[in-house]
Every structure is written in structure tokens, then in C-alpha cells.
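# Residue-level structural notes
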Amino acid sequence: SIINNPLLKKIITSIGLIYLLFFLLYIIDKGILIDLPIQFYFLQSLIILFFAVFHLIDLFSDKPRLDLLNEPSFWITIGVLLYFICVIPMYVGGKLIFGENGVVYEMGVYSINYICYSIFFLLITRAFLCKAPVKP
């Protein structure tokens, strides 16, 4: 209800339906598993990146904000972008990093995930510390 753009509503609905269809086809083909394969993480990352980029475009195309550094959504969006841009290469090279059963073979490369998570949570903390705007 907070999204005013009808085109964006259609895009969100389409992405949700396509993802659900992809998921159902996987369940029909392979059955229900405890862990999802790496392709789902890659697809989820792309979807989240799409929304983060869209939010940044919307943030900068709107009227100029006087103090963007005190805007919590800015810090969270930057954290999301940084995290998912850094971990998508791990999902692309998933066969090299993860085994067939999901066990991590290359812990040195996988540590990128932990470093990016740490930065992401620091940026969420920064968003939490933003000063609330004073309302007259």
C-alpha cells in the first residue's frame, strides 16, 4: 500500500509470481529438500539488488534531501547493495566454493560473506543512530 507507482506494483507482482513458479517447478522436479540450491540464492540476490537500486534511483530522483547522511533508508540500502554485490560472485562460482551437499570447500573465499555481513550490520547500526527529523 505504500508503493504509489502502478508499474512498480506490477513488476513486484511479476517477480513474486516468477520466483514462486521457479520454486514450484524445482519442488516438482527434485522434491522438498532442507537446503535450497545455490541457484535460488543467486536469484534472490538479484531480486534484492533490483529493489535496492530502484530505491536509490527513487531516493535521488525525488526532491533533494538536505541531510542524506541522516536518512536511515540510505544507509540500509547502501549496506544491501554492498553486501549483495560482493557475494553474488560467490553464488556464480558456487560449484568451486560449495560442494554438492552445500559444504563450504573454500573457507578463505567464503570469509568474504562474513566480512560483508559485518559491514552490512555496521551500516544498519549507523542507520539506527540517525537523528530523527524534528517535526514542528
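Structure: see above.
Within any chain, residue numbers begin from 1 and follow the written order of that chain's sequence. The predicted origin of the model limits local features to residues at a pLDDT of at least 70 and limits the giving and counting of side-chain atom pairs to 80 or more, whereas totals for whole chains, interfaces and linings rest on all residues. Side-chain numbers here rest on the full set of heavy atoms in the structure, without hydrogens or water.

Quick look at the environment of Tyr19 now. Going along the chain from the N terminus, every DSSP run of H or I of four or more residues is numbered as a helix, and every run of E of two or more is numbered as a strand. Mapped onto the secondary structure, Tyr19 falls in helix H1 (residues 6-30). When the C-alpha atoms of Tyr19 and Gln44 are compared, they prove to be 8.6 Å apart, with 25 residues separating the residues in sequence. Pairs of residues are marked as contacts when any of their non-hydrogen atoms sit within 4.5 Å. Leaving out residues up to four positions away in the same chain, Tyr19 has contacts with Phe40, Leu43, Gln44 and Ile47.

Running from N to C, helix H2 (residues 38-61) and helix H3 (residues 72-92) cross one another at 150°; their axes reach a closest spacing of 9 Å. Of the possible angle classes, the one that applies to H2 and H3 is roughly antiparallel. Relative to H3, the crossing made by H2 is left-handed. Residue type decides the class: Asp, Glu, Lys and Arg count as charged, Ala, Val, Leu, Ile, Met, Phe, Trp, Tyr, Cys and Pro as nonpolar, and the leftover types, Gly among them, as polar. Looking at the contact of H2 with H3 residue by residue, the classes come out as 20 nonpolar, four polar and no charged. To obtain an axis, a line is fitted to C-alpha atoms, over the contacting stretch when the element is a helix, and the angle between two such axes runs from 0 to 180 degrees between their N-to-C directions. To sort the angles, those under 35 degrees are grouped as roughly parallel, those over 145 as roughly antiparallel, those from 65 to 115 as roughly perpendicular, and the leftovers as oblique. By the definition used in this description, the sense in which the near helix is turned from the far one sets the handedness, with an anticlockwise turn below a right angle giving left-handed and a clockwise turn giving right-handed.

Moving on to the nonpolar core. Membership of the largest hydrophobic core comes to 21 residues, with the highest contact counts inside it found for Phe74, Trp75, Tyr83, Phe84 and Val87. Looking at this core, the elements with two or more residues in it are H2, H3 and helix H5 (107-128). When residues of this core are assigned to their parent elements, the largest contribution, 10 residues, is made by H3. Buried residues of nine kinds, namely Ala, Val, Leu, Ile, Met, Phe, Trp, Tyr and Cys, make up a nonpolar core once their side-chain atoms join them within 4.5 Å. Each residue gets one of three labels from its accessible area relative to the maximum for its type: buried under 20%, exposed over 50%, partly exposed in between, using a 1.4 Å probe on protein chains only.

Another aspect to go through is the packing of H3 against H5. Direction vectors running N to C along H3 and H5 enclose 175°, while the axes themselves pass 8 Å from each other. If you check the angle between H3 and H5, you find them roughly antiparallel. Residues Pro72, Trp75, Ile76, Ile78, Gly79, Val80, Leu82, Tyr83, Cys86, Val87 and Met90 of H3 touch H5, and the partners they reach there are Val109, Tyr110, Ile112, Asn113, Cys116, Tyr117, Ile119, Phe120, Leu123, Ile124, Arg126 and Ala127. Residues that form the contact of H3 with H5 fall into these classes: 20 nonpolar, two polar and one charged.

Following the sequence through the fold, Asp67 ends up in the loop between H2 and H3. Owing to a relative accessible area of 41%, Asp67 belongs among the partly exposed residues under this scheme. Polar contacts, as counted here, are pairs of nitrogen or oxygen atoms within 3.5 Å of one another; within protein the pair requires one atom able to donate a hydrogen and one able to accept it, and residues that are adjacent in sequence qualify only if both atoms are side-chain atoms. Side chain to side chain, Asp67 and Asn70 meet in a polar contact 2.5 Å long.

Turning our attention to the packing of aromatic side chains. Stacked, edge-to-face and tilted labels apply to pairs of Phe, Tyr and Trp rings (six-membered ring for Trp) whose centres lie within 6.5 Å, assigned for plane angles under 30 degrees, over 60, and everything in between, in that order. Inspection of every chain in the model, using the stated rule, returns 12 aromatic pairs. Aromatic pair Phe22 and Phe40: ring centres 4.9 Å apart, planes at 45°, arrangement tilted. Taken as a pair, Phe22 in helix H1 and Phe40 in helix H2 lie far apart in primary sequence, 18 residues in all. Accessibility expressed as a relative area gives 36% for Phe22, which makes it partly exposed. A centroid spacing of 6.2 Å and a plane angle of 25° characterise the contact between Tyr83 and Phe120, whose relative ring orientation is stacked. Taken together, the residues span a long stretch of sequence, with Tyr83 in helix H3 and Phe120 in helix H5 at a distance of 37 residues. We note that Tyr83, like Phe120, is buried.

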